[in-house]
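Chain by chain, the residues run as shown.
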Amino acid sequence: MTPVPLFWIFAFALVAITLAALLWPLLRRRPVLQAPASEEAAASIYRDQKRQLDADLAGGAISAQEHAAALDELVARLGAELPRDAAPRDKPPPRDSRAPWIAALVIVATLPAGALLGYFVLGFPAAMTPENAVAARGDITEGQMRAMVDSLAQKMKADPADPKGWVLLARSYAALGRFAEALDAYAQAAQRMPPDAQILADWADVAAMAQGRRLAGTPEALIARALAADPKNLKALALSATSKLERGDVAASLVQWRELRGLLPNGGEEAREIDTVIAQIEAQRLQPQAAAGVAGTAVAPAPATPAVAGAAVTGRVELDPKIASRVAPDDTVFVLARAAEGPRMPLAVQRFRAAELPRDFRLDDSMGMAPGMSISTVPRVVVEARVSKSGNAITQPGDVRGISVPVAPGAADLRLVIGEVVP
């Protein structure tokens, strides 16, 4: 049931309970008040005492004068005990008044009308419109989100002393894809707080996005600062290992990937992904080396797999309505392609905000994460779309995702439905 009918059901129930509480004391049947039994008790006592006096007179215990005097005293006592304003016994009880019923009708007529009028005058009826009901559930539109971020930016300019506000603004800009503005906000935050490895790693990630997903230069400097603040920060280690791989320093990259793997518990999704990355890097590292030959004769390296023309994979990502309540507009969506057979390291990655769903995607060789690792070098790929609450490229429990069947490079019009919760 939608919130609007529920609201009116509860409102009417509250009015009904209030009316019942007010009308019950007015309309309940009151018991007829009976005269107290003291009159009958006094008369009974009088009769007993008179019989005793008569018996004493008949037995000669008292004289006639004493009998008369005692009888007069008894009558006087009885008269003093009886109520003087007692109503005659044959007087009928008073009829019930109509005043309670009149009061009840007035209450029934005025209370609901007054409550409804008060709500429309003092309340906020517009909150029950479909538009505002949707907004209350968190389904914020792109325009509303941009307005909120711009409002936060104005607030930070007016009062720039809060570093947490700058971090929030930077992450909001990054979620909107406004990377240059996100970089400025991160710089403002860094000036006002001690070094924080996670914030520095996020800053480096945004800096890489701002320059075409490349980590050379400013991103590498930020990664170094993050590792100096916390050598075990997972995101900083992953970015550092990727940057070394990007520069061709495979040995140093493997050292950091293994260091990162040692910080992760066995059996988790993150650990499996890092194991896959390490296996793929080691396989590519060994590929160009000469195999052992007879008498030290080297064997020529196998030629690299030729690039496939038109290797881009395109399609559309949608969110299953059944799990829409689990996804917030600011959550990050990763669309990535992996080799269908072999290592699971992503060959191409695209990132955007969950508020943009449904959205078309395109994955091609320009989005590769390392030299020689691209869509065109494998015969088939699997495309995965995943919503990340943390913004982490590594899969986390609680993320939601959808995975395609294996397709060849160049496949078009794929339809991915995000509907599976990562355990």
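Before reading further, recall that the structure is shown in the block above.
An account of the accompanying structure is given in this report. Just so you know, these numbers come straight off a predicted model, no measurement behind them.

Rules and cut-offs
Residues numbered from 1 in each chain as written. Predicted model: local features only at pLDDT ≥ 70, side-chain atom pairs only at ≥ 80, totals over all residues. Heavy atoms only, no water. Helix = DSSP H or I, 4+ residues; strand = E, 2+ residues; numbered from the N terminus. Buried < 20%, exposed > 50% of the residue type's maximum accessible area, 1.4 Å probe, protein only. Polar contact = N/O pair within 3.5 Å; in protein donor to acceptor, adjacent residues only side chain to side chain. Contact = heavy atoms within 4.5 Å. Phe/Tyr/Trp six-rings, centres within 6.5 Å; stacked < 30°, edge-to-face > 60°. Core = buried A, V, L, I, M, F, W, Y, C linked by side-chain atoms within 4.5 Å. Axes fitted to C-alpha atoms, helices over the stretch in contact; angles between N-to-C directions. Parallel < 35°, antiparallel > 145°, perpendicular 65-115°, else oblique. Left-handed = near helix turned anticlockwise from the far one by under 90°. Nonpolar A, V, L, I, M, F, W, Y, C, P; charged D, E, K, R; others polar. Pairing = 2+ DSSP bridges. Expected span 1.5 Å × (residues − 1).

1. Topic: the side chain of Ser243
Next, step 1: Summarising the element assignment, Ser243 is placed in helix 11 (residues 234-246).
Next, step 2: For Ser243, a relative accessible area of 4% corresponds to the buried category.
Next, step 3: Among the polar contacts made by the side chain of Ser243, one reaches the main-chain carbonyl oxygen of Ser240 at a distance of 2.7 Å.
Next, step 4: Discounting chain neighbours no more than four positions away, the residues touching Ser243 are Leu215 and Glu220.

2. Focus: the packing of aromatic side chains
Next, step 1: One pass over the structure, following the stated rule, counts one aromatic pair.
Next, step 2: A ring pair is formed by Tyr186 and Trp203, whose centres lie 6.3 Å apart and whose planes are at 20°; its orientation type is stacked. Residue Tyr186 is found in helix 8 (residues 179-191), and its partner Trp203 is found in helix 9 (residues 197-210); the two are separated by 17 residues along the sequence. A single burial state applies to Tyr186 and to Trp203, both of which are buried.

3. Describing the nonpolar core
Next, step 1: Counting 77 residues, the largest nonpolar core has Leu169, Trp257, Val335, Phe361, Leu363, Ile375 and Ile418 as the members making the most contacts within it.
Next, step 2: Per-element accounting of this core gives the leading share, nine residues, to helix 9.
Next, step 3: Membership of the second largest hydrophobic core comes to six residues, among which are Ile62, Leu71, Leu74 and Leu78.

4. Re the environment of Ala99
Next, step 1: When you line up the elements, Ala99 lands in helix 4 (residues 99-122).
Next, step 2: Spatially, the C-alpha atom of Ala99 lies 9.1 Å from that of Leu26, the residues being 73 residues apart in sequence.

5. Topic: the packing of helix 7 (residues 163-175) against helix 8
Two packed helices can be described by the angle between their axes and the distance between those axes.
Next, step 1: Across the interface, helix 7 lies against helix 8 with an axial gap of 8 Å and an inter-helix angle of 165°. As the angle between them shows, helix 7 and helix 8 are arranged roughly antiparallel. Like other packed secondary-structure pairs, helix 7 and helix 8 cross with a definite hand, here left-handed. Contacts from Pro163, Trp166, Val167, Leu169, Ala170, Arg171, Tyr173 and Ala174 of helix 7 reach helix 8 at Phe179, Glu181, Ala182, Ala185, Tyr186, Gln188 and Ala189.
Next, step 2: Its residues assigned to classes, the contact of helix 7 with helix 8 comprises twelve nonpolar, one polar and two charged.

6. Structural notes on the sheet that holds strand 7 (residues 414-418)
Next, step 1: Pairing is mixed in the open sheet, where three strands are placed in the order 4-1-7. Two strands in the sheet have a free side with no partner beyond their single neighbour: strand 4 (359-363) and strand 7. Each adjacent strand pair in this sheet contributes to an overall mean axis angle of 30°, direction not counted.
Next, step 2: Across five bridges, strand 1 (residues 313-319) lies against strand 4 in antiparallel orientation. Within strand 4, the residue paired with Gly315 across the bridge is Phe361.

7. So, helix 7
Next, step 1: Counted at 1.5 Å a residue, the expected span for helix 7 with its 13 residues is 18 Å, and the 18 Å between its end C-alpha atoms agrees.
Next, step 2: Of all the positions in helix 7, only Pro163, Gly165, Trp166, Val167, Leu169, Ala170, Ser172, Tyr173 and Ala175 are classed as buried.
Next, step 3: The N-terminus of helix 7 is capped by Asp162, whose side-chain oxygen sits 3.2 Å from the backbone nitrogen of Lys164.
Next, step 4: Immediately beyond the C-terminal end of helix 7, within one or two residues, lies Gly177, with a positive phi of roughly 80°.

8. Some points on the packing of helix 9 against helix 10 (residues 218-229)
Next, step 1: Put simply, helix 9 and helix 10 touch, their axes get as near as 8 Å, and they point 170° apart. Between helix 9 and helix 10, the crossing angle belongs to the class labelled roughly antiparallel. Touching Ala197, Leu200, Ala201, Trp203, Ala204, Ala207 and Ala208 of helix 9 are Thr218, Pro219, Leu222, Ile223, Arg225, Ala226 and Ala229, all from helix 10.

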